[in-house]
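For reference, the chains in residue letters:
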Amino acid sequence: MSTVGFQGFGNEREIGPETRLECKICWYVYDPAEGDSVWQVPPGTPFTALPPHWTCPNCAALHSQFMVIPDDRPR
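A brief report on the enclosed structure follows. (Residues numbered from 1 in each chain as written. Predicted model: local features only at pLDDT ≥ 70, side-chain atom pairs only at ≥ 80, totals over all residues. Heavy atoms only, no water.)

1. Concerning the overall build of the protein chain
- If you tally the helices and strands in the protein chain, you get 0 helices and 3 strands.
- In the protein chain, the succession of α and β elements from N to C terminus is β-β-β.
- Classification of the 75 residues of the protein chain by burial places 39% in the buried group.
- Considering only intrachain contacts with a sequence separation of at least 6, the fraction spanning at least 24 residues in the protein chain is 54%.
- In the form shown here, the protein chain has an accessible surface area of approximately 4700 Å², with 54% of it arising from carbon and sulfur atoms. (Helix = DSSP H or I, 4+ residues; strand = E, 2+ residues; numbered from the N terminus. Buried < 20%, exposed > 50% of the residue type's maximum accessible area, 1.4 Å probe, protein only. Contact = heavy atoms within 4.5 Å. Areas by Shrake-Rupley, 256 points an atom, 1.4 Å probe, with all protein chains shown as cover.)

Here it is in C-alpha cells:
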C-alpha cells in the first residue's frame, strides 16, 4: 500500500478499490481495472495501492495531482 497520502481534489474516503482518478495536469485517467502498463502495474490495482514511486505515465505528476472521477458508470 502506498505511503503517500492523497492530497488532490476529492475526499480520500471516496477512493475505493474501483475508483478512477484523473491527473489534473494532463487529464490521464488511472483506471484500476486496467492498471498501468508503463509502470507495469497489473489490472485490479487500486489507486491507493500504487507504489510510492509511481507517477503519472504521461506527465510524471505525483499521486497528489490526481482527482477523483465521480463514478456515474452504469452498474
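On we go.
2. Focus on the nonpolar core
- Judged by nonpolar contacts, the single largest core of 13 residues is most densely connected at Y28, Y30, F47, W54 and F66.
- For this core, the elements supplying multiple residues, two or more each, are β1 (21-23) and β3 (66-68). (Core = buried A, V, L, I, M, F, W, Y, C linked by side-chain atoms within 4.5 Å.)

3. Examining the packing of aromatic side chains
- All chains considered together, the criterion is met by 5 aromatic pairs.
- Between F47 and F66 the ring centres are 5.4 Å apart and the planes differ by 45 degrees, which places this aromatic pair in the tilted class. Of this pair, F47 sits in the loop between β2 (29-30) and β3 while F66 sits in strand β3, and the two are 19 residues apart along the sequence. The same class applies to F47 as to F66, namely buried.
- Chaining the aromatic ring pairs together yields one cluster made of Y30, F47, W54 and F66. (Phe/Tyr/Trp six-rings, centres within 6.5 Å; stacked < 30°, edge-to-face > 60°.)

4. Overview of the sheet that holds β2
- One open sheet holds the 3 strands; their spatial order is β2-β1-β3, and the pairing between them is antiparallel. Looking at the sheet topology across the chains shown, the edges are occupied by β2 and β3.
- Of the pairings in the sheet, the one linking β1 to β2 comprises 2 bridges and is antiparallel in character. Residue pairing in the sheet places L21 in a bridge with Y30 of β2. (Pairing = 2+ DSSP bridges.)

These values are about where atoms sit, not about what they do.
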